[in-house]
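# A look at the structure
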Amino acid sequence: MSAATADAPAQRATGAPALPLALVPASLFVLLVGGLISVPLPWSVSWPWIPALDVHFALYVDGLSAQFLLLITGIGTLVAVYGAGYLAGDARRWRVFALLLLFMLAMIGAVCSDHLLVLFVFWELTSVLSFLLVGFDHARESSRKSAQQALLITGAGGLFLLAGIILLAGIGGSYSLRELIAAAPSMADDARLPAALTLLFVGAFSKSAQFPFHFWLPNAMAAPTPVSAFLHSATLVKLGIYLLARLDAAFSDLLFWEYSLVGIGTLTAVLAAVQTVRERDLKRILAWSTVATLGTLTMLVGLPGHGAALAVAALFFAHALYKAPLFFVAGNLDHGAGTRDIDRLTGMRRHLPWTATAALLAALSMAGLPLSFGFVAKDAMTLAKVEAGVFALVSHATLFVGSISVAVAAVAAIHIFWGRDTADRTTHPHEAPLPMLLPPLLLVALAVLFGLRPTLVDPLLGAAAQAMAPTFDPLQVDSSYDAWPVAEASLATLGFGILIYLGWDRLRTLLDRARELDEIGPESWYWRKLKFVPKLAAWLTRRLQHGVLPGYLLTLAGAVTLALLAALVIGRPSLDLPAIETLPLPVVGCSLLIAAGALAALLVRDHLVLLLVSGLVGYGSALLFLFTGAADLALTQFAVETVFVVVAATVLRRLRGMPAPLQVAVSEARWRPLALLVALTFSLGLTGLLLLAAGLPFDPQLSDFFGAQSVPAAHGRNVVNVIIVDFRALDTLGEIAVIALALVAALPLLRLARGRNL
């Protein structure tokens, strides 16, 4: 069996049919259609979610959201039907359906969210669920690596998106998408806006496989075919484009917005179109053509004018109607012929006639030929480019990408099904079962119907375009079509596409000679960085996990010291030092005792003596508490310090005869000057911080609260004890638990030392 069949079902089991699970997305689709017919758009609803942070679970459905909802639920229903046949008898099919349903709900939440933080939550849910779906066959290393790659790229992009959301909300004063769009004119002059948009671009580009993140989507073809059809034709990969289209109403007038989207979108489309010719696996060919379409959508979002908004809406719809059937066709070939390698697939129409019909009609739409909805979408795209006045480079690039689409359509429909059956096969190809035939045939029938009668979907496209361009009149959609310009463009793309199709093998051979360029591409960067992570982890482990306790303590103290100094430098507090007061003689004596203990600890070498002189710090602190009026705290400190010194001295006495490793002795000697420097720096920084804090006016709000609540709330007159035992009971319990666990951890060492008679 070839590598192309790797996603075919492998585990078989008996059980109830999975087809009834399609009723869930079908019910959502019917409810949505009924709602659109009976209740005019827009719809909005909001519930308090996190009132303390002013986060509301706000949902808003307009024309753009409605279009996505129809695609998510409609395509989702057909994917469920197809999956019931594709995974029939597979023991894991229930997990696939559960994950697909959760993913569908996450996508619905993302395209309906008006609050950006709520949108981000659903955004990340789609990343996690797509990771589980792509890595569904986790027994295969390729599936695990593909799932890991998808999660790392989209997850990292999500972090950039979150930063952009927070920055954008800080500029616009709201997390609501509608409020931010309304406030866009006042945000244009803010110096932070380019940074916020750049962060948003990274998040959207990583999700929608734009350069330089474009390589993860074809690798995600390790997922089962129903998953690929759903995630990569109508849902996941279009989520980033959805966010850009949603924000286009706010920032379309910015040159930074226009140039970034047009430039990145065009570059992505061209690179993906070139990569398409290099593939032999049909699913990967379709995946790279999807990346090219996503690049075209990004470019269209960046174009100015109402025509671009209509073109985006039309291409969203058309792409789902032809790409999902083509993925289904790839699955049928894998199921019936045992391979997806186009070199081994010729003359399949004799064995899979209904699949061949679906492939032919889907290819007509993908090529943008008449009698298909792809022709309507190409019409809108052509007029959008004319209206925007794009420069020649972009025009030529889109012509090249369109020609590649024609060639891919010809490969999927003509080469595989209508060529001579010359392949050497070990299995007899056969047609797929009915649940795997109905979904692609129904979708291509809709594409033909909407191509012949585009007025059936004009209201939906008009409402979606109006959501992206608020001044667009949805009643004028039909007047935006003009067959002559698109006929000219179609002739050009059709001619070049046929030439590319005829020279497909020669082009592939030519491009294979340039595979050295892959070594400098983004995917090679990804793999090199991924290999660098274990090396970095090993280096850090050797440097930080060295097994020498003084080194650990020094690292911790150094980090705290740097944080302290950073707070003083960044905060730049005014040097308003407190007034010098005459201190009582006992307080001065206790302070000198503490200082003497600390200095002695730096000079002595013997560990037992070091423990004893460090005890002077604890006893000096206890005396300081006593003379400053905290008698109970002083008694606690005396008890704790005494127990600690006695126990630690006993342990050290038993371990004293055990020779210290040479490495530890050398490390301690090497680190001692650095330890002295860190200690002095920390002490000076802490002293300065305490002096600055003492110079601030005293705020009695907290002390008054505890004083007032001590008796009525905790029935105690000792405020300190009440705070420790009642108001901070969990904190105190945690401290006790830490000490108890430390004792439990030390028991084996004590037993070992006793066994050695040390």
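All figures in this text were calculated on a predicted structure; none of them were measured in a lab. (Residues numbered from 1 in each chain as written. Predicted model: local features only at pLDDT ≥ 70, side-chain atom pairs only at ≥ 80, totals over all residues. Heavy atoms only, no water.)

## Describing the pairing of strand β1 (residues 43–50)
Sheet faces and side chains relate simply in a regular strand, where the side chains alternate between the two faces. Sheet topology note: the β1/strand β2 (residues 55–61) ladder contains seven bridges and is antiparallel. Of the residues in β2, the one forming a bridge with Ser46 is Ala58. Turn length for the β1-β2 hairpin, with the two strands adjacent in sequence and antiparallel, is four residues, and the turn residue Asp54 shows positive phi of about 60°. (Pairing = 2+ DSSP bridges. Helix = DSSP H or I, 4+ residues; strand = E, 2+ residues; numbered from the N terminus.)

## Topic: the pattern of salt bridges
Scanning the model with the defined rule gives 11 salt bridges in all. A salt bridge links Arg246 to Asp62; the shortest N-O distance between them is 2.5 Å. A residue pair is termed long-range when its members are at least 10 positions apart, and Arg246 in helix α11 (residues 239–251) and Asp62 in the loop between β2 and α2 (63–86) qualify at 184 residues. Since its relative accessible area comes to 9%, Asp62 is described here as buried. One salt bridge connects Arg284 with Glu279, and the closest N-O pair in it is separated by 3.1 Å. Under the relative-accessibility criterion, Arg284 is labelled partly exposed at 22%. (Salt bridge = Lys/Arg side-chain N within 4 Å of Asp/Glu carboxyl O. Buried < 20%, exposed > 50% of the residue type's maximum accessible area, 1.4 Å probe, protein only.)

## A few points about helix α28 (residues 701–714)
In this model, α28 (14 residues) spans 18 Å end to end at C-alpha, consistent with the 20 Å of a helix rising 1.5 Å per residue. Taken as a whole, α28 carries its principal kink of about 30° at Ala708; the proline Pro712 stands between one and four residues after it. Those residues of α28 that sit buried are Phe706, Ser710 and Ala714. Two residues or fewer after α28 comes His715, characterised by a positive phi angle close to 55°. (Expected span 1.5 Å × (residues − 1). Bend = angle between axes of the 7 residues up to and from the residue.)

## A closer look at the packing of helix α5 (residues 141–172) against helix α8 (residues 193–207)
The interhelical angle for the contact between α5 and α8, taken along N-to-C directions, is 150°, at an axis separation of 7 Å. Judged by the inter-axis angle, α5 sits roughly antiparallel to α8. For α5 against α8, the interelement crossing comes out left-handed. From α5, Ile153, Thr154, Gly157, Phe160, Leu161, Ala163, Gly164, Ile165, Leu167, Leu168 and Ile171 reach across to α8, where they touch Leu193, Ala195, Ala196, Leu199, Leu200, Val202, Gly203, Ser206 and Lys207. Here the residues of the contact of α5 with α8 sort into 14 nonpolar, five polar and one charged. (Axes fitted to C-alpha atoms, helices over the stretch in contact; angles between N-to-C directions. Parallel < 35°, antiparallel > 145°, perpendicular 65-115°, else oblique. Left-handed = near helix turned anticlockwise from the far one by under 90°. Contact = heavy atoms within 4.5 Å. Nonpolar A, V, L, I, M, F, W, Y, C, P; charged D, E, K, R; others polar.)

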